[in-house]
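So you can see what is in the structure, the chains are spelled out below.
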Amino acid sequence: MNAVVYARFSSSAQREESIEGQIAVCNQYAKQNGYEIINEYIDRAMTGKNDNRPGLQQLIADSSRRQFQAVLVYSLDRFGRNLQQSVNNQYKLPKKGVLLISATESFGDDAAGQMHRNIMMSLAQYYSDELSVKVKRGMEINAKKCKSNGGTIPFGYKSIDKQLVVDEKNAPFVREIFEMYAEGKRAVDIANYLNGKKIRTASGAKFNKNSLHNILKNKKYIGFYTYAGIEIEGGVPSIVSDELFYRVQEILKKNKKNAGHNKAKVEYLLTTKLFCGHCRSQMTGSSARSKTGKVYYYYVCNNSHAKACTKKSVRKELIENFVVKKCRELLTDKNIDKIAREVSAATEKAQDKSEQTRLKRELKEIDTAIDNLLKALEAGQNVDLINDRITLKRKERENIEEELAREIRKNVTLSESEIRFFLTRLKKGNINDIKYRKMLITIFVNSIYLFDDNRLTIVFNAGNEPVVVDDVLLAEIVENSGDAAGLYSEGHGWPGRKFCVKGDKL
C-alpha cells in the first residue's frame, strides 16, 4: 500500500532537525507495517494553529489523485493544533480513500478509540493555547520595559540588548519619507525613489505602497513604544517630529479611499458533522441577506443547489446552540467517570506491547551477559578479548534502549485521572466561547442527521440511553433561543413534534 509522510516543525519551539526525526520514525513505521513511502510533504517553521501551510495544502490536493492510500505523521499534533481545522482536514482524507495514521500513537476503531483520538487532539490545542498565554505574558512583561519582542525591527531602528535605538544609516531616509509625503508626493513615487537608490525595507524587500504606509502610520517614529494595546510615550527614541508625523496623518486620512468592509468570518461548527436526513449528503454553511440588510446564516443540503434534494435550510445559530447544549449535558459526573474509565481501558487495549516485552527481555539477557563477562574479567581471563566483548554488548544495549524508547512513544496512554481532569475542566467551560463550543462538538459528536419533519438524530461518540426531546424541553429551547419557528429558513414553520437524539454507547 502506498503512503506519504507529512512532517512539520514550529519555528517557536523546534529545530529543523526534528523534521528528519519525524521522517525517520514514519519510515520505520511504514517498513514494519507494509507501507511504501512514495512522497514526503514538509512544512518548515510553520505553526500548526492554521492550515495555511503549503505542504499540507499540496498533500490534500494530491490526495484526490488516488496515488496513495495513507498519510503518516509522527503524531496528530504535527497535522495541526487548531482543533476545528485539523478535524476538517482529517475529514477530507477519508472521503478520498486516504487514511491518516500516527506513527507514535495507537487508536482503536470503535467509539472509545474515536473518543481517545478526539481527546488527544483537544489536548494538543489546549496545551498550544496554554503555551500561547505564557508566551504572551512574557511579551507583555517585555513590553512594559519597552523591550523588543522579536519580529522585524522597524526601518530606521536597530536592536541592542532588546532595546530599540536609532539606526543612523537609515534614519535619514525615514525623515525623507515623511517629508516627501507631506509635500504631496505619492507613496508609489516615494517607493520608486527609494528602490532606485537601492534602499531596502527592514525585511530586505523592495519598497511598495503598503510598506510605505506602514512606516507613515507607525507611532514609534515619534517615540511611542507600542505592543498589543500597550503604549508608552518616550519608550523609544523618536526619528521625526510630532508636527511632521501628525501632518502626515491628516494627509493619510484625507487621501484614504472608502473601501468596503471585509465580511465577518463566520465559523460553521457543524461542518463535516451535519447531514441531510433525506439524501445523506453533507450540509454546509450558507448565508442570505434580507431586504433590511441583515445577514442570516444557515446550513443547506449540498444537493439542494442542484435541486436534487428538497431539504429545507436550517438556521445556524439555533441548531448549533441545541447541539452544544446536548453535548454539555453529557458531562455529568457519572458520564465523566464512565468515559474516563472506558477510554483509558480502550487505550490500554489498543496497545501492542509485544515488541516492548521482547526488547525488555533482550535487555535483561544483555545485562546478564555483561555481568558474566565482568566476572570473567575479575577472574583474570583474556582481558583484551573480554573488554572488546563488553564494549560490543554495551553498544548493543544502547541500540536496544533507543528502539524500546521508540516503541514506548508509539503507545500513547491516558490515565483515568488525566481524562477525568480534562473532562471536568471541559464541564466548567464558557458555553459562549467559540473554542469551547468547537471542542465539545469535536469530542462528542460523530454525526447529525436532520429531517424536515423535525426529527434530529445525533450520533455521539459516547453517551447513555437515547433522549427524547418532549414539549417541555422544546419550550425551553424556544425560551432560550427565540422563536422556534425560525429554526428553518423563513416561511417554514416548526410543527412542534417530538424528535430523538440518539447516543451510541461506548
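Please read these numbers as outputs of a predicted model, since none were measured by experiment. (Residues numbered from 1 in each chain as written. Predicted model: local features only at pLDDT ≥ 70, side-chain atom pairs only at ≥ 80, totals over all residues. Heavy atoms only, no water.)

### Re the packing of aromatic side chains
To be explicit about the condition: Pairing of aromatic side chains requires ring centres within 6.5 Å, counting the rings of Phe and Tyr and the six-membered ring of Trp. Pairs whose planes differ by under 30 degrees are stacked, by over 60 edge-to-face, and all others tilted. Only runs of H or I of at least four residues qualify as helices and only runs of E of at least two qualify as strands under DSSP, and these elements are numbered from the N terminus. When accessible area is computed with a 1.4 Å probe and restricted to protein chains, residues below 20% of their type maximum are described as buried, those above 50% as exposed, and intermediate ones as partly exposed.
With the rule as written, the count across this model stands at 8 aromatic pairs. With 5.7 Å between their ring centres and 25° between their planes, Tyr157 and Tyr221 make a pair best called stacked. Of this pair, Tyr157 sits in strand E5 (residues 157–160) while Tyr221 sits in the loop between helix H8 (209–216) and strand E7 (224–227), and the two are 64 residues apart along the sequence. Judged on exposure class, the residue Tyr157 and its partner Tyr221 are both buried. For the ring pair Phe178 and Tyr221, a centre distance of 5.9 Å and an interplane angle of 65° mean the geometry is edge-to-face. Pair noted here: Phe178 is in helix H6 (residues 171–182) and Tyr221 is in the loop between H8 and E7, with a separation of 43 residues, a long-range link. For Phe178, a relative accessible area of 0% gives the class buried.

### What about the nonpolar core?
Here is the rule we go by: For our purposes a nonpolar core is just a set of buried Ala, Val, Leu, Ile, Met, Phe, Trp, Tyr and Cys residues, chained together by side-chain atoms within 4.5 Å. Should any heavy atoms of two residues lie within 4.5 Å, those residues are considered in contact.
Grouped together as the largest cluster of nonpolar side chains are 39 residues, with contacts concentrated most on Leu274, Ile319, Val323, Leu423, Leu426 and Phe444. Of all the elements in the fold, those that place two or more residues in this core are strand E9 (274–276), strand E11 (295–301), helix H10 (316–329), helix H11 (333–350), helix H14 (416–427), helix H15 (434–444), strand E13 (445–450) and strand E14 (456–460). Considering each element in turn, this core owes the most residues, 6 residues, to H15. Ignoring any residue separated from it by four or fewer positions in sequence, one finds Leu274 in contact with Gln282, Met283, Tyr299, Val314, Ile319, Ile448 and Leu450. Of all hydrophobic cores here, the second largest spans 32 residues; its members include Ile177, Ala187, Val236 and Val248.

### As for the pattern of salt bridges
So the rule is basically this: What counts as a salt bridge is simple: a side-chain nitrogen of Lys or Arg found within 4 Å of a carboxyl oxygen of Asp or Glu.
For the structure on display, the rule yields 15 salt bridges. Residue Arg420 is joined to Glu416 by a salt bridge in which the shortest nitrogen-to-oxygen separation is 3.2 Å. You can see Arg420 and its partner Glu416 sitting in helix H14, 4 residues apart, about one turn around the helix. Each of Lys325, Lys326 and Glu329 takes part in one network of salt bridges that share partners.

### Considerations on the sheet that holds E9
Cut-off, in case you're wondering: Here, a strand pair is defined by DSSP locating no fewer than two bridges between the strands. Angular values range over 0 to 180 degrees, each being the angle between N-to-C directions of two axes fitted as lines to C-alpha atoms, with helices fitted over their stretch in contact.
Strand order in this open sheet of 3 strands is E9-E13-E14, and the pairing throughout is mixed. Each edge of the open sheet is held by one strand with a lone partner, namely E9 and E14. Across this sheet, the average inter-strand angle for adjacent strands is 20°, counted without regard to direction. Across 5 bridges, the pairing between E13 and E14 is antiparallel. By the bridge assignment for E14, Ser447 is matched with Val459. Sheet strands touched by H15: E13 and E14. Its angle to E13, the strand with the most contacts, is close to 90°.

### Things to note about the confidence of the model for the protein chain
A low pLDDT means the predicted coordinates there should not be read in detail. Basically, it comes down to this: Confidence scores per residue from the predictor, reported as pLDDT, run from 0 to 100.
Summary statistics for the protein chain give a mean pLDDT of 76 and a share of 71% for residues scoring 70 or more. Within the protein chain, no element has a lower average pLDDT than strand E16 (residues 499–501), which sits at 37, and none a higher one than H6, at 94. Within the model, the stretch residues 12–17 combines pLDDT values under 50 with 6 contacts to residues more than four positions away or in other chains. In this model residues 258–263 is a low-confidence stretch, pLDDT under 50, and it forms 0 contacts with partners more than four residues away in sequence or in other chains.

### A closer look at unusual backbone geometry
Non-glycine residue Arg66 carries a positive phi angle of around 60°. Notably, Lys198 is not glycine yet its phi reads approximately 65°, a positive angle.

### A look at the packing of H14 against H15
Stated formally: Each angle gets one of four labels, with under 35 degrees taken as roughly parallel, over 145 as roughly antiparallel, 65 to 115 as roughly perpendicular, and the rest as oblique. Take the far helix as the reference: if the near one is turned anticlockwise from it by less than a right angle, the crossing is left-handed, and if turned clockwise, right-handed. Residues are grouped as follows: nonpolar covers Ala, Val, Leu, Ile, Met, Phe, Trp, Tyr, Cys and Pro; charged covers Asp, Glu, Lys and Arg; every other residue, Gly included, is treated as polar.
Relative to each other, H14 and H15 sit at 130°, their axes nearing to 11 Å. Regarding the angle of H14 to H15, the classification is oblique. Taken as a pair, H14 and H15 cross one another with a handedness that is left-handed. Of the residues in H15, those in contact with Phe422, Leu423, Leu426 and Lys427 of H14 are Tyr436, Met439, Leu440, Ile443 and Phe444. For the contact of H14 with H15, a count of residues per class yields 8 nonpolar, no polar and 1 charged.

### Observations concerning the sheet that holds strand E1 (residues 2–8)
The parallel open sheet is built from 4 strands, whose spatial order is E2-E1-E3-E4. Since the sheet does not close on itself, it has two edges, and those belong to strand E2 (36–43) and strand E4 (99–102), each with one partner. Strand-to-strand twist of the sheet, defined as the mean angle between neighbouring strand axes without regard to direction, takes the value 25°. Along the sheet face, helix H2 (residues 54–62) touches E1, E2 and strand E3 (70–73) and points at about 140° away from the line of E2.

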